[in-house]
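Below are the chains, spelled out letter by letter.
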Amino acid sequence: MIVARRKPLSEIEAMLQDLSRVLIVGCGTCVAVCQAGGEKEVEILARQLRMRARLVGRQQRFDEITLPRQCDPEFLEPLTSLAGSYQGIVSLACGAGVQLLAEQFSAIPVFPGLDTLFLGVSESPGIWSQRCRACGQCILHLTGGICPKTRCAKGLLNGPCGGTHFGKCEVDRETPCAWTLIYERLTKLERMDLLERILPPDDWNVVSQPARHALPRQFEEKLARS
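Given the structure is predicted, the values throughout are model-derived calculations rather than measurements. (Residues numbered from 1 in each chain as written. Predicted model: local features only at pLDDT ≥ 70, side-chain atom pairs only at ≥ 80, totals over all residues. Heavy atoms only, no water.)

As for the overall build of the protein
- Within the protein one finds seven helices and seven strands.
- Taking 17 Å as the expected radius of gyration for a compact globule of 226 residues, we find that the protein reaches 22 Å, considerably beyond that expectation.
- In the protein, buried positions account for 34% of the 226 residues.
- Once local pairs closer than 6 in sequence are excluded, the contacts in the protein between residues at least 24 apart make up 57%.
- With an accessible surface of roughly 14000 Å², the protein has 53% of that area assigned to carbon and sulfur atoms.
- Counting 27 positive and 25 negative side-chain charges, the protein places the centres of these two groups 2 Å from one another. (Helix = DSSP H or I, 4+ residues; strand = E, 2+ residues; numbered from the N terminus. Rg over C-alpha atoms; globule rule 2.2 N^0.38 Å. Buried < 20%, exposed > 50% of the residue type's maximum accessible area, 1.4 Å probe, protein only. Contact = heavy atoms within 4.5 Å. Areas by Shrake-Rupley, 256 points an atom, 1.4 Å probe, with all protein chains shown as cover. Lys, Arg positive; Asp, Glu negative; His and termini not counted. Charge placed at Lys NZ, Arg CZ, Asp CG, Glu CD.)

Some details on helix 3 (residues 39-56)
- Here helix 3 contains 18 residues, and its C-alpha end-to-end distance of 26 Å stays within 8% of the 26 Å for a straight helix at 1.5 Å per residue.
- Restricting attention to buried positions, one finds in helix 3 the residues E41, V42, L45, A46, L49 and A53. Here the buried residues of helix 3 occupy an arc of 135° about the axis, which is enough to place them on one side. Opposite the buried face of helix 3, by more than 90 degrees, sit the exposed residues K40, R47, R54 and L55.
- G57 lies just past helix 3 and shows a positive phi near 80°. (Expected span 1.5 Å × (residues − 1). Arc of directions from axis to C-beta.)

Let's talk about the pairing of strand 7 (residues 127-132)
- Two elements, strand 6 (residues 114-124) and strand 7, share five bridges in a ladder whose sense is antiparallel. Residue pairing across strands places S122 opposite W128, the latter belonging to strand 7.
- In textbook terms, the turn of a hairpin is the stretch between consecutive antiparallel strands, and for strand 6 and strand 7 this stretch comprises two residues, one of which, G126, has a positive phi near 85°. (Pairing = 2+ DSSP bridges.)

Some remarks on the domain arrangement of the protein
- For the protein, the assigned domains are domain 1 (2-118) and domain 2 (134-196).
- A straight line from the C-alpha centre of domain 1 to that of domain 2 covers 38 Å. (Domains from an automatic or database assignment.)

Notes on the environment of Y183
- For Y183, the position within the fold is in helix 6 (residues 178-189).
- A residue is classified by how much of its surface remains accessible, and Y183, at 46% relative accessible area, is partly exposed.
- As for Y183 and L76, which are separated by 107 residues in sequence, their C-alpha atoms are 46 Å apart.
- Contacts of Y183, omitting those with residues within four sequence positions, involve M192 and L195.

Things to note about the environment of L156
- Inspection of the secondary structure assignment puts L156 in the loop between helix 5 (148-151) and helix 6.
- Residues L156 and L79 lie 77 residues apart in sequence; the distance between their C-alpha atoms is 45 Å.
- Once you skip the residues sitting within four places of it in the chain, L156 turns out to touch P148, C161 and W179.

Structural notes on the sheet that holds strand 1 (residues 2-6)
- Read across the open sheet, the three strands follow the order 1-6-7; overall the sheet is antiparallel. Two strands in the sheet have a free side with no partner beyond their single neighbour: strand 1 and strand 7. Recorded for the sheet is a direction-independent mean angle of 70° between the axes of neighbouring strands.
- Here strand 1 runs beside strand 6; their pairing, made up of five bridges, is antiparallel. Bridging from a neighbouring strand, R6 pairs with L114 of strand 6. (Axes fitted to C-alpha atoms, helices over the stretch in contact; angles between N-to-C directions.)

Thoughts on the sheet that holds strand 4 (residues 88-92)
- Taking strand neighbours across the sheet as the criterion, the four strands line up as 3-2-4-5 in an open arrangement whose pairing is parallel. Bordering the open sheet on either side are strand 3 (61-67) and strand 5 (110-112), each of which pairs with just one other strand. Within the sheet, the average angular offset between the axes of one strand and its neighbour, ignoring direction, is 25°.
- Packed onto the sheet, helix 1 (residues 9-16) meets strand 2 (21-27), strand 3, strand 4 and strand 5 and runs at close to 165° relative to strand 5.

Structure follows, in structure tokens:
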């Protein structure tokens, strides 16, 4: 899932100080799970901004709506009749959602209410850790399902480095060495032969920016007929 955290209230307030009517738009998917941009978080932010406006004597109105997702155009339709009534929109979505919102409603400034952090997994309630960089060149089949690009502080494709110490990373002694984890996993799977391979450097020629992915045309035609 995409993990994000809310920007400081002072930063959001500074973005909006010249606007009198603002719509706060939440996202009910990833950022709702990590308690950054769901319906509850939208309500909290709106209350805080209203209180701050009253304290400093600004005449501002903050309205709220939460969509199932902000990264698909079809989910933005409820905003079509609303957006024109506002001077600005605060998006509590990941960076992708903010950009799509700004693209769809280009006549209205859209402000990010969150900082997008990483693609991660839940370790325990309230704690998430990064697992994927979305690099486009997945090697998990060679490393026992553990990504060294993400979990190794140095991103080494052929490790470990000389700094690993009793299974811990030299950058942070509280963090397990990714290549120690890979070694242990491959031992358990009886696939230590995979460590004999030397992984080549990533081919950044195949990773274009901005990236784009399209379904095969035959699939699109089938989808259109259904």
